[in-house]
Amino acid sequence: PKIDILGIETLSVLTDICDAVGMNWRDLYTLPLDDKLTFEKVFTPSKLYGIFQFEGLAARQVCREIIPTTFEQLVHITSLSRPGTLNSGTTPEYIRRAKGLSSQGTKFERTDPAMEPYVRDTLGLVLFQEQVMTIVKEIGKFGWASTSAVRVAMSKSLGEEHFNKYKADFIQGASQDGINQARAETIWKQCYTHGSWSFNKSHAVSYSDLSYW
(Lines give C-alpha, C1' and ligand atoms only; values in the text may rest on other atoms or scores of the structure.)
Protein backbone atom coordinates (compact mmCIF):
# COMPACT_ATOMS: atom_id res chain seq x y z
CA PRO A 1 0.00 0.00 0.00
CA LYS A 2 1.02 3.58 -0.66
CA ILE A 3 0.91 6.21 2.08
CA ASP A 4 1.28 9.92 1.33
CA ILE A 5 2.51 11.95 4.29
CA LEU A 6 2.17 15.68 3.70
CA GLY A 7 3.98 18.39 5.60
CA ILE A 8 1.28 21.00 6.23
CA GLU A 9 1.98 24.14 8.22
CA THR A 10 -1.68 24.28 9.25
CA LEU A 11 -1.13 21.27 11.51
CA SER A 12 1.47 23.22 13.48
CA VAL A 13 -0.82 26.24 13.66
CA LEU A 14 -3.66 24.10 15.01
CA THR A 15 -1.35 22.51 17.58
CA ASP A 16 -0.19 25.93 18.77
CA ILE A 17 -3.77 27.18 19.05
CA CYS A 18 -4.86 24.10 20.99
CA ASP A 19 -1.95 24.62 23.40
CA ALA A 20 -2.87 28.30 23.80
CA VAL A 21 -6.46 27.55 24.77
CA GLY A 22 -5.67 24.46 26.85
CA MET A 23 -7.28 22.02 24.42
CA ASN A 24 -6.04 18.57 23.45
CA TRP A 25 -5.58 18.42 19.68
CA ARG A 26 -7.36 15.07 19.64
CA ASP A 27 -10.51 16.90 20.71
CA LEU A 28 -10.60 18.59 17.30
CA TYR A 29 -12.14 15.38 16.02
CA THR A 30 -15.08 15.81 18.38
CA LEU A 31 -16.06 19.27 17.15
CA PRO A 32 -19.53 19.35 15.56
CA LEU A 33 -19.38 19.98 11.81
CA ASP A 34 -22.55 22.10 11.71
CA ASP A 35 -21.53 25.10 13.80
CA LYS A 36 -23.57 27.97 12.37
CA LEU A 37 -21.26 30.68 13.71
CA THR A 38 -18.21 29.13 12.01
CA PHE A 39 -19.89 29.36 8.63
CA GLU A 40 -21.32 32.82 9.22
CA LYS A 41 -18.12 34.39 10.57
CA VAL A 42 -15.38 32.56 8.65
CA PHE A 43 -16.46 31.19 5.29
CA THR A 44 -17.17 34.47 3.55
CA PRO A 45 -14.80 35.89 0.90
CA SER A 46 -13.50 38.72 3.09
CA LYS A 47 -12.58 36.41 6.00
CA LEU A 48 -10.79 33.57 4.21
CA TYR A 49 -7.21 34.84 4.35
CA GLY A 50 -5.16 32.37 6.37
CA ILE A 51 -7.77 29.61 6.11
CA PHE A 52 -6.23 26.41 4.78
CA GLN A 53 -7.27 25.64 1.16
CA PHE A 54 -9.67 28.59 1.13
CA GLU A 55 -7.29 31.55 1.10
CA GLY A 56 -6.35 31.05 -2.55
CA LEU A 57 -7.90 33.24 -5.23
CA ALA A 58 -9.87 30.40 -6.86
CA ALA A 59 -11.51 29.27 -3.60
CA ARG A 60 -12.37 32.84 -2.64
CA GLN A 61 -13.95 33.42 -6.04
CA VAL A 62 -16.06 30.28 -5.69
CA CYS A 63 -17.11 31.38 -2.20
CA ARG A 64 -18.26 34.71 -3.61
CA GLU A 65 -20.74 32.76 -5.70
CA ILE A 66 -21.58 30.01 -3.20
CA ILE A 67 -21.22 31.02 0.43
CA PRO A 68 -20.96 27.62 2.15
CA THR A 69 -23.33 26.78 4.98
CA THR A 70 -22.56 23.06 5.35
CA PHE A 71 -19.48 20.90 5.69
CA GLU A 72 -20.43 19.03 2.52
CA GLN A 73 -20.22 22.30 0.60
CA LEU A 74 -16.71 22.84 1.95
CA VAL A 75 -15.75 19.46 0.53
CA HIS A 76 -17.27 20.37 -2.84
CA ILE A 77 -15.59 23.78 -2.98
CA THR A 78 -12.21 22.21 -2.15
CA SER A 79 -12.57 20.21 -5.36
CA LEU A 80 -14.24 22.98 -7.38
CA SER A 81 -11.26 25.27 -6.75
CA ARG A 82 -8.82 22.94 -8.55
CA PRO A 83 -7.50 23.64 -12.05
CA GLY A 84 -9.24 20.58 -13.52
CA THR A 85 -12.75 21.59 -12.51
CA LEU A 86 -12.14 25.24 -13.33
CA ASN A 87 -10.73 24.54 -16.80
CA SER A 88 -13.32 21.90 -17.70
CA GLY A 89 -16.23 24.24 -16.95
CA THR A 90 -17.49 22.08 -14.09
CA THR A 91 -17.07 24.84 -11.50
CA PRO A 92 -19.21 27.49 -13.25
CA GLU A 93 -21.80 24.83 -14.06
CA TYR A 94 -21.93 23.73 -10.41
CA ILE A 95 -22.39 27.37 -9.38
CA ARG A 96 -25.27 27.80 -11.83
CA ARG A 97 -26.97 24.68 -10.52
CA ALA A 98 -26.38 25.65 -6.89
CA LYS A 99 -28.20 28.90 -7.61
CA GLY A 100 -31.03 27.04 -9.28
CA LEU A 101 -30.27 28.49 -12.70
CA SER A 102 -30.86 26.66 -15.95
CA SER A 103 -27.86 24.88 -17.43
CA GLN A 104 -29.33 25.10 -20.93
CA GLY A 105 -26.73 26.13 -23.45
CA THR A 106 -23.78 24.67 -21.58
CA LYS A 107 -21.81 21.64 -22.73
CA PHE A 108 -23.16 19.60 -19.82
CA GLU A 109 -26.09 17.41 -20.70
CA ARG A 110 -28.92 16.17 -18.51
CA THR A 111 -27.80 13.47 -16.10
CA ASP A 112 -28.57 9.99 -17.40
CA PRO A 113 -30.80 7.97 -15.03
CA ALA A 114 -28.11 5.27 -14.81
CA MET A 115 -25.67 7.85 -13.53
CA GLU A 116 -27.97 9.62 -11.08
CA PRO A 117 -27.14 7.49 -8.00
CA TYR A 118 -23.47 8.44 -8.30
CA VAL A 119 -23.91 12.20 -8.76
CA ARG A 120 -27.04 12.81 -6.69
CA ASP A 121 -25.10 14.60 -3.96
CA THR A 122 -23.00 16.75 -6.32
CA LEU A 123 -25.78 18.43 -8.32
CA GLY A 124 -25.53 15.91 -11.15
CA LEU A 125 -21.84 16.60 -11.82
CA VAL A 126 -18.73 14.48 -11.43
CA LEU A 127 -16.45 16.16 -8.89
CA PHE A 128 -14.38 13.33 -7.46
CA GLN A 129 -12.21 10.45 -8.61
CA GLU A 130 -14.23 8.04 -6.48
CA GLN A 131 -17.34 8.86 -8.51
CA VAL A 132 -15.57 8.06 -11.78
CA MET A 133 -14.16 4.82 -10.38
CA THR A 134 -17.61 3.68 -9.24
CA ILE A 135 -19.22 4.61 -12.57
CA VAL A 136 -16.67 2.76 -14.71
CA LYS A 137 -16.83 -0.28 -12.44
CA GLU A 138 -20.60 -0.52 -12.04
CA ILE A 139 -21.87 0.90 -15.35
CA GLY A 140 -18.88 0.07 -17.57
CA LYS A 141 -18.29 -3.31 -15.89
CA PHE A 142 -14.57 -2.61 -15.51
CA GLY A 143 -12.54 -5.07 -13.46
CA TRP A 144 -10.42 -3.86 -10.56
CA ALA A 145 -7.27 -3.65 -12.71
CA SER A 146 -8.94 -1.41 -15.29
CA THR A 147 -10.59 0.67 -12.59
CA SER A 148 -7.20 1.19 -10.98
CA ALA A 149 -5.73 2.20 -14.34
CA VAL A 150 -8.42 4.86 -14.66
CA ARG A 151 -7.58 6.04 -11.14
CA VAL A 152 -3.91 6.39 -12.09
CA ALA A 153 -4.87 8.37 -15.20
CA MET A 154 -6.84 10.79 -13.02
CA SER A 155 -4.32 11.05 -10.18
CA LYS A 156 -1.50 11.82 -12.61
CA SER A 157 -3.65 14.28 -14.57
CA LEU A 158 -2.91 12.54 -17.85
CA GLY A 159 -5.84 14.31 -19.47
CA GLU A 160 -8.73 13.54 -21.79
CA GLU A 161 -6.74 11.97 -24.63
CA HIS A 162 -5.27 9.29 -22.36
CA PHE A 163 -8.56 8.89 -20.50
CA ASN A 164 -10.43 8.21 -23.75
CA LYS A 165 -8.40 5.06 -24.34
CA TYR A 166 -10.94 3.34 -22.08
CA LYS A 167 -14.02 4.64 -23.90
CA ALA A 168 -14.65 1.58 -26.11
CA ASP A 169 -14.41 -0.78 -23.14
CA PHE A 170 -16.85 1.40 -21.21
CA ILE A 171 -19.41 1.40 -24.02
CA GLN A 172 -19.15 -2.36 -24.36
CA GLY A 173 -19.57 -2.87 -20.61
CA ALA A 174 -22.54 -0.50 -20.39
CA SER A 175 -24.31 -2.47 -23.13
CA GLN A 176 -24.62 -5.39 -20.69
CA ASP A 177 -27.23 -3.36 -18.84
CA GLY A 178 -29.06 -2.40 -22.01
CA ILE A 179 -27.47 1.05 -22.24
CA ASN A 180 -27.12 1.85 -25.94
CA GLN A 181 -24.04 3.45 -27.45
CA ALA A 182 -25.48 6.97 -27.55
CA ARG A 183 -26.34 6.88 -23.84
CA ALA A 184 -23.01 5.30 -22.95
CA GLU A 185 -21.14 7.98 -24.86
CA THR A 186 -23.07 10.71 -23.04
CA ILE A 187 -22.23 9.15 -19.66
CA TRP A 188 -18.61 8.74 -20.69
CA LYS A 189 -18.45 12.38 -21.81
CA GLN A 190 -19.68 13.51 -18.40
CA CYS A 191 -16.92 11.45 -16.82
CA TYR A 192 -14.01 12.47 -19.00
CA THR A 193 -14.93 16.16 -19.35
CA HIS A 194 -13.98 16.65 -15.73
CA GLY A 195 -13.24 13.17 -14.45
CA SER A 196 -9.95 12.99 -16.28
CA TRP A 197 -8.67 15.77 -13.99
CA SER A 198 -10.73 15.15 -10.87
CA PHE A 199 -9.65 15.45 -7.26
CA ASN A 200 -10.20 12.59 -4.84
CA LYS A 201 -12.89 12.94 -2.23
CA SER A 202 -10.91 11.38 0.62
CA HIS A 203 -8.37 14.21 0.30
CA ALA A 204 -11.11 16.82 -0.07
CA VAL A 205 -12.79 15.67 3.15
CA SER A 206 -9.50 15.61 5.09
CA TYR A 207 -8.55 19.05 3.78
CA SER A 208 -11.99 20.42 4.63
CA ASP A 209 -11.60 19.13 8.19
CA LEU A 210 -8.43 21.22 8.55
CA SER A 211 -10.10 24.25 6.94
CA TYR A 212 -13.09 23.98 9.28
CA TRP A 213 -10.98 23.49 12.41
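Scroll up to find the structure this text is about.
To start, this report covers the structure provided alongside it.

Reading guide: rules and limits
- Residues numbered from 1 in each chain as written.
- Predicted model: local features only at pLDDT ≥ 70, side-chain atom pairs only at ≥ 80, totals over all residues.
- Heavy atoms only, no water.
- Helix = DSSP H or I, 4+ residues; strand = E, 2+ residues; numbered from the N terminus.
- Rg over C-alpha atoms; globule rule 2.2 N^0.38 Å.
- Buried < 20%, exposed > 50% of the residue type's maximum accessible area, 1.4 Å probe, protein only.
- Areas by Shrake-Rupley, 256 points an atom, 1.4 Å probe, with all protein chains shown as cover.
- Lys, Arg positive; Asp, Glu negative; His and termini not counted.
- Charge placed at Lys NZ, Arg CZ, Asp CG, Glu CD.
- Phe/Tyr/Trp six-rings, centres within 6.5 Å; stacked < 30°, edge-to-face > 60°.

The number of helices and strands found in the protein chain is 13 helices and zero strands. When the helices and strands of the protein chain are placed in sequence order, the string is α-α-α-α-α-α-α-α-α-α-α-α-α. Whereas a compact globule of 213 residues would reach a radius of gyration of roughly 17 Å, the protein chain reaches 19 Å, a difference of no more than 12%. When the backbone C-alpha atoms are referred to their principal axes, the protein chain occupies close to 60 × 45 × 25 Å. Taking all 213 residues of the protein chain together, the buried fraction comes to 42%. Counting only carbon and sulfur atoms, one obtains 52% of the accessible surface of the protein chain, whose full area is about 11,800 Å². Placing the 23 positive and 24 negative side-chain charges of the protein chain at their respective mean positions leaves the two points 5 Å apart.

Looking now at the packing of aromatic side chains. Scanning all chains against the criterion turns up nine aromatic pairs. Measuring from ring centre to ring centre gives 5.6 Å for Phe52 and Tyr207, while their planes differ by 85 degrees; the resulting arrangement is edge-to-face. Within this pair, whereas Phe52 is found in the loop between α2 (36–41) and α3 (57–65), its partner Tyr207 is found in helix α13 (residues 201–212), the two being separated by 155 residues in sequence. Phe52 gets classed as buried once you look at its relative accessible area, which sits at 14%.

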